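Descriptive structure summary
The lines below spell out each chain.
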Amino acid sequence: MIKILDESRFTQLPDAVLFDTDNTLYPYDPAHMAAQQAVKEKVINTFSISAKDFDAAFNEARQQIKARLGHTASSHSRLLYLQRMLEIMGLGSQVLLALDFEQTYWRTFLANVVLFDNVKELLDDLRLLGIPTAIVTDLTAQIQFRKVVYFGLDRYFNYIVTSEEAGFDKPHEAPFQIALEKMQPKGSCIWMIGDNPVNDIRGGKESINAVTLQKLHEGVHLGEGSNTPHASFKDFKDVRHLLSKLTNTER
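Note that this is a predicted model, so its numbers are computed, not measured. (Residues numbered from 1 in each chain as written. Predicted model: local features only at pLDDT ≥ 70, side-chain atom pairs only at ≥ 80, totals over all residues. Heavy atoms only, no water.)

1. A closer look at the packing of helix α2 (residues 51–69) against helix α3 (residues 78–88)
- The interhelical angle for the contact between α2 and α3, taken along N-to-C directions, is 125°, at an axis separation of 8 Å. Classed by the angle they form, the pair α2 and α3 counts as oblique. Between α2 and α3 lies a crossing whose hand is right-handed. Contacts from Phe54, Ala57, Phe58, Glu60, Ala61, Arg62, Gln64, Ile65, Lys66 and Leu69 in α2 reach Arg78, Leu80, Tyr81, Leu82, Arg84, Met85 and Ile88 in α3. (Axes fitted to C-alpha atoms, helices over the stretch in contact; angles between N-to-C directions. Helix = DSSP H or I, 4+ residues; strand = E, 2+ residues; numbered from the N terminus. Parallel < 35°, antiparallel > 145°, perpendicular 65-115°, else oblique. Left-handed = near helix turned anticlockwise from the far one by under 90°. Contact = heavy atoms within 4.5 Å.)

2. Looking at the nonpolar core
- Of all hydrophobic cores here, the largest spans 55 residues; its most connected members are Phe19, Trp191 and Leu213.
- No other element matches the six residues that helix α4 (residues 95–111) contributes to this core.
- Apart from the residues within four sequence positions on either side, Trp191 is in contact with Phe10, Pro14, Ala16, Val17, Leu18, Val211, Leu213, Val239, Leu242, Leu243 and Leu246.
- Core analysis: the second largest hydrophobic core is formed by 16 residues, Ala16, Leu18, Val136 and Phe176 among them. (Core = buried A, V, L, I, M, F, W, Y, C linked by side-chain atoms within 4.5 Å. Buried < 20%, exposed > 50% of the residue type's maximum accessible area, 1.4 Å probe, protein only.)

3. Section: the pairing of strand β4 (residues 159–162)
- For strand β3 (residues 133–137) and β4, the ladder comprises four bridges, and the chain directions are parallel. When the bridges of β4 are listed, Ile135 appears paired with Ile160.
- What joins β3 to β4 is helix α6 (residues 141–151), and the crossover it makes is right-handed. (Pairing = 2+ DSSP bridges. Right-handed = clockwise from strand over helix to strand, strands pointing away.)

4. Comments concerning the environment of Lys66
- If you trace the backbone, Lys66 turns up in helix α2.
- When the C-alpha positions of Lys66 and Asp138 are compared, they lie 14 Å apart, and in sequence the two are 72 residues distant.
- Not counting residues within four places of it along the chain, the set of residues in contact with Lys66 comprises Ser75, His76 and Tyr81.

Right, here's the structure in full:
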């Protein structure tokens, strides 16, 4: 059941709906853990190193890349993490191996992702109501496009904005503003659906005054203070029910 925390924001159908991707449309952790383990095993077997040595080199590489690049799409790049990991291990950039390890990660990741129930059904509801939709997501365009195509969602969404295109990760206002520029909604009632209380919820509220709905599941905690959503839900069928209720109200 959907939990509405601010009834005043749910008096009409949305003019447009923005969606986060990772850990909103599907659970991120299972796919990531399987992919990371596949890369780990491949690196260990290739170089005959210990799991502890892999973890130390990879974690240091990730921290260095994130510190250097800040809140940008490239700061999430597995390729950069793996390149820097090889350098930390004293092996140089090893371009071919870095590419191979990155492909192992994403191939395994995509083999282990499963959409949450009722995602496509909700998107069908929005399409039938004539409500435009867009993805607003961090990370680089290529891998996010691959995910959308893998899920078979490319025909469901009108637009997609990545932080690579926007130049900033959420909660910066740029990704949200670009999405609205593309969508040109007829009104100002914009819904933002995401899992992250800072990036999606506070970002949506502060950037475009969005009506925010937080997807809750294992590992996701309800936002508090300025990160509090206007509503929260556990199953996308709950959002479908809310849309149906609002549709009947407007008739």
